[in-house]
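Read off the chains here:
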Amino acid sequence: MAIYSNQYDVIVVGAGHAGCEAALAGARLGLKTLVLTMNIEVVAAMSCNPAIGGLGKGHLVKEIDALGGEMGLNADATGIQFRQLNTRKGAAVQSSRCQSDKYLYALRMKSVLEKQENLFLKQQIVEGLLIKNDQVKGVKTNIGETFFSRCIIITTGTFMNGLLHVGTKSKSGGRAGEGTSGGISQCLTSLGIELGRFKTGTPPRLDGLTIDYSKCLEQPGDKNPTPFSFLTKTLPQPQVSCFITYTNTQTHEIIRKNLHKSPLYAGIIKSTGPRYCPSIEDKIVRFSNRERHQIFLEPMGLNTTEVYINGASTSLPVDVQIELLRSISGLENVEMTRTGYAVEYDYAKPTQLKPTLETKQVEGLYLAGQINGTSGYEEAAAQGLVAGINAALHCKGKEPFILDRSQAYIGVLIDDLITKGVEDPYRMMTSRAEYRLLLREGNADLRLTEKAREIGLIRDDRWNVFEKRKESLDELRKKIKETKISPSNENILKLEKIKTATPKKMISLEELLRRPEIGYENLSLFDVNICDGSVGKELEIDIKFKGYIEKQEESIQQFKKLESLRIPKDFIYSNIPGFSREVIEKLEKVKPASLGQASRISGVTPSAMTNLMIYLKKRSFEQRKLK
């Protein structure tokens, strides 16, 4: 007789981008993992923009892939337009982005979860957590079912006490057409976890058949698209164009005269919205001197006529939304298929988390994604992966997996959250990473894949690809260092062909490649054929930016010294003479694990850091003396 099992190692609450990566990581590390979601039909739903990557975000996707995650592979399999951004700027800030087929993306990810060994997917609404002696024991659902586990990862996105706004009308919901979850908010509060309230928004969706594209500027993808995953060889989907249009003075006037109907400006919404992705109302108010704002028309899939209007997020009333849209060139006769709206939701203040994303209050309870005050699919997926890995390692009794700021954008993301906290929804940008020249998209596998292999998350097929790429890079580096060219007549002609000066003496190809006008492709003139362009590009960057890279590596050594000065968990900051009450409160709230982390807390002054360092060194000396 079969007995229904409700005992798991890891339970993941929510199946958005964070939940999917968390669940896959746990299951792939051999843990019996359960995913509980409100609606099993919307796994990995692209609630807002049907796209993956972007400035800073593309780095996260590459790192997720390098660590054995699924987002990059899923984006490659379902992407319908790929573009490299910031290509005219330095290598450190170049990022990948792809327009995805919204429906294929979710469908493929759901299939991956369903086929994953050790992973179980169920449609249930979690309304409470089972906690005993500050340790998780399981969850209970709204229909009275109980599931037990050793670790729980909460990835509820915008569904905790979600409230949707269109004009002056509001209703409960975490996403249009779906409900909300209030029980988890109450449960977290009862555990002593402090919650806050954020707002985000989404634009209307349009009927593409009612758009006059002849009045818009076509934006095709790259001729030679670059995939996200280091495993991807070909991109299977047809590639399509997006289009660009602009708001105008008429659009702005329509918005201004209706601002009193906006829930944000009418005082209905009191929570903070995303600073770097403002609504169209916010843009008109904050940038009142601008005569126009760029609007992107992005297809939502290959088998739908719906179009996402990027840059026009709004929660104005429906009649105002259609009026402002029809004032835009190309949209004079447009029809909306879905209205734009704003959503308010609860989040947990992330300074209450450890670097593993485990809560400080409850052992075995992890939070990942928008619940930690972030915005974006990529930020959510990165947190989900880290939480999933650490929940699995926790169950196995192994050391946690922690990436610091010098190792990955994921490390920057998590350190920013747990150390600085958030005042508005956090968005990853390249400017947040102080070591960004070393944290490039193209070397994500070289930085992270070996670490993931050590914990068991990298399969043999991925490992073989990584080893081959690393071997190719090492061989190419050696070859161009050892290959010398002389100022012979033959070489003079070759160098004239690529418009570079002839050397007066024999030089290596490595020295030649340092020249700004020389690219790795030019090395083929000297019988150096590079089959993998990504390998050639990485080598070129390493050589051209060698001096800058060495300086950043020196900075990292200083960073590591500060990180190595550990602060005991029970450290009493009020014992240090000269500390202000503000400094003591901030240090007590974050409870930094190291002197380096303490230095990054907003409001902790340089003089306070000096006092703390002296005190820690003195204490360490006295302890050694006693021994």
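Residues numbered from 1 in each chain as written. Predicted model: local features only at pLDDT ≥ 70, side-chain atom pairs only at ≥ 80, totals over all residues. Heavy atoms only, no water.

Focus on the packing of aromatic side chains
Thought 1: Inspection of the entire model under this criterion finds 9 aromatic pairs.
Thought 2: Counting every residue linked through ring pairs, the aromatic cluster contains Tyr8, Phe120 and Phe147.
Thought 3: Here lysine 62 stacks its cationic end above the ring of phenylalanine 230, 5.0 Å away from the centre of that ring.
Thought 4: Against the face of tyrosine 426 rests arginine 432, its NZ or CZ located 4.1 Å from the ring centre. (Phe/Tyr/Trp six-rings, centres within 6.5 Å; stacked < 30°, edge-to-face > 60°. Lys NZ or Arg CZ within 6 Å of the ring centre and 35° of its normal.)

Some remarks on the packing of helix H1 (residues 17–28) against helix H9 (residues 377–396)
Thought 1: Direction vectors running N to C along H1 and H9 enclose 30°, while the axes themselves pass 7 Å from each other. Put simply, H1 runs roughly parallel to H9. The chirality of how H1 crosses H9 is right-handed. Contacts between H1 and H9 involve His17, Ala18, Glu21, Ala22, Ala25 and Gly26 from the former and Tyr377, Ala380, Ala381, Gly384, Leu385, Gly388, Ile389 and Ala392 from the latter.
Thought 2: Looking at the contact of H1 with H9 residue by residue, the classes come out as 9 nonpolar, 4 polar and 1 charged. (Axes fitted to C-alpha atoms, helices over the stretch in contact; angles between N-to-C directions. Helix = DSSP H or I, 4+ residues; strand = E, 2+ residues; numbered from the N terminus. Parallel < 35°, antiparallel > 145°, perpendicular 65-115°, else oblique. Left-handed = near helix turned anticlockwise from the far one by under 90°. Contact = heavy atoms within 4.5 Å. Nonpolar A, V, L, I, M, F, W, Y, C, P; charged D, E, K, R; others polar.)

Quick notes on the nonpolar core
Thought 1: Ile52 and Ile410 are the most contacted members of the largest nonpolar core, which totals 101 residues.
Thought 2: Ranked by the residues each element gives to this core, the list is headed by H9, at 12 residues.
Thought 3: Dropping the residues within four chain positions of it, isoleucine 52 is found in contact with Met46, Val61, Met71, Ala75, Ser96, Arg97, Cys98, Ser100, Tyr105, Phe228, Tyr377 and Glu378.
Thought 4: Membership of the second largest hydrophobic core comes to 23 residues, among which are Leu259, Val320, Ile322 and Leu331. (Core = buried A, V, L, I, M, F, W, Y, C linked by side-chain atoms within 4.5 Å. Buried < 20%, exposed > 50% of the residue type's maximum accessible area, 1.4 Å probe, protein only.)

Thoughts on the sheet that holds strand S18 (residues 306–310)
Thought 1: Pairing is antiparallel in the open sheet, where 6 strands are placed in the order S15-S16-S17-S18-S14-S19. Two strands close off the open sheet at either side, each with one partner strand: strand S15 (217–219) and strand S19 (336–338). Along the sheet, successive strands turn relative to each other by an average axial angle of 35°, direction set aside.
Thought 2: Here helix H8 (residues 318–325) sits on the sheet in contact with strand S14 (205–207), S18 and S19, set at roughly 135° to S19. (Pairing = 2+ DSSP bridges.)

Observations concerning empty space enclosed by the protein
Thought 1: On inspection of all chains with the given rule, the structure shows 5 cavities of 30 Å³ or more.
Thought 2: Counted as a void, the largest cavity has a volume near 60 Å³.
Thought 3: As for the largest cavity, its lining consists of Asp65, Ala66, Phe230, Asp445, Thr449, Arg462, Val465, Phe466 and Arg469.
Thought 4: Sorting the residues of the lining of the largest cavity by element identifies helix H2 (57–66), helix H11 (444–455) and helix H12 (460–482) as the ones contributing at least two each.
Thought 5: With 4 residues, the single largest contributor to the lining of the largest cavity is H12.
Thought 6: Within the lining of the largest cavity, the residues separate by chemical class into 4 nonpolar, 1 polar and 4 charged. (1 Å grid on protein atoms, 1.4 Å probe; cavity = no way out; pocket = protein on both sides within 12 Å on 5 of 7 lines; lining within 4 Å. Points joined across faces, edges and corners; volume = space filled by probe spheres on them.)

Quick notes on the side chain of glutamine 407
Thought 1: Structurally, glutamine 407 is set in the loop between H9 and helix H10 (409–420).
Thought 2: From its side chain, glutamine 407 meets the backbone nitrogen of aspartate 404 in a polar contact 2.8 Å long.
Thought 3: The contact partners of glutamine 407, leaving out residues within four places of it in the chain, are Ile402, Leu439, Arg447, Leu448, Lys451 and Lys560. (Polar contact = N/O pair within 3.5 Å; in protein donor to acceptor, adjacent residues only side chain to side chain.)

Some thoughts on the pairing of strand S12 (residues 169–172)
Thought 1: Relative to S12, strand S11 (residues 163–166) runs antiparallel, the two being bridged by 4 bridges. Paired with leucine 164 across the bridge in S12 is lysine 171.
Thought 2: The hairpin formed by S11 and S12 contains 2 residues between the paired strands, and glycine 167 there has a positive phi angle of roughly 65°.

What to know about the sheet that holds strand S8 (residues 135–141)
Thought 1: Pairing is antiparallel in the open sheet, where 3 strands are placed in the order S7-S8-S9. Each of the sheet's edge strands pairs with one partner strand only, and the pair in question is strand S7 (126–132) and strand S9 (146–148). Neighbour-to-neighbour, the strand axes of this sheet turn through a mean angle of 25°, independent of strand direction.
Thought 2: Inspection of the sheet shows S7 paired to S8 by 6 bridges, in the antiparallel sense. Bridge pairing links valine 126 to threonine 141 in S8.

So, the side chain of glutamate 281
Thought 1: In this structure, glutamate 281 sits in helix H7 (residues 280–286).
Thought 2: The side chain of glutamate 281 is buried and forms no salt bridge, while lysine 199, the nearest opposite charge, is found at 6.7 Å.
Thought 3: Once residues lying within four places of it in the same chain are set aside, the contact partners of glutamate 281 are Ile255, Leu259, Ser262, Tyr265, Ser313, Thr314, Ser315 and Leu316. (Lys, Arg positive; Asp, Glu negative; His and termini not counted. Salt bridge = Lys/Arg side-chain N within 4 Å of Asp/Glu carboxyl O.)

What to know about helix H16 (residues 546–564)
Thought 1: For H16, built from 19 residues, the straight-helix expectation of 27 Å at 1.5 Å per residue is met to within 8% by its first-to-last C-alpha distance of 27 Å.
Thought 2: Within the sequence span of H16, burial applies to Ile549, Gln552, Ile556, Phe559 and Glu563. The buried side chains of H16 occupy one side of the element, clustering within an arc of 70° when seen end-on. The outward face of H16, more than 90 degrees from its buried face, is lined by the exposed residues Lys551, Glu554 and Lys561.
Thought 3: Buried residues along H16 sit against helix H15 (533–544) and helix H18 (595–599). (Expected span 1.5 Å × (residues − 1). Arc of directions from axis to C-beta.)

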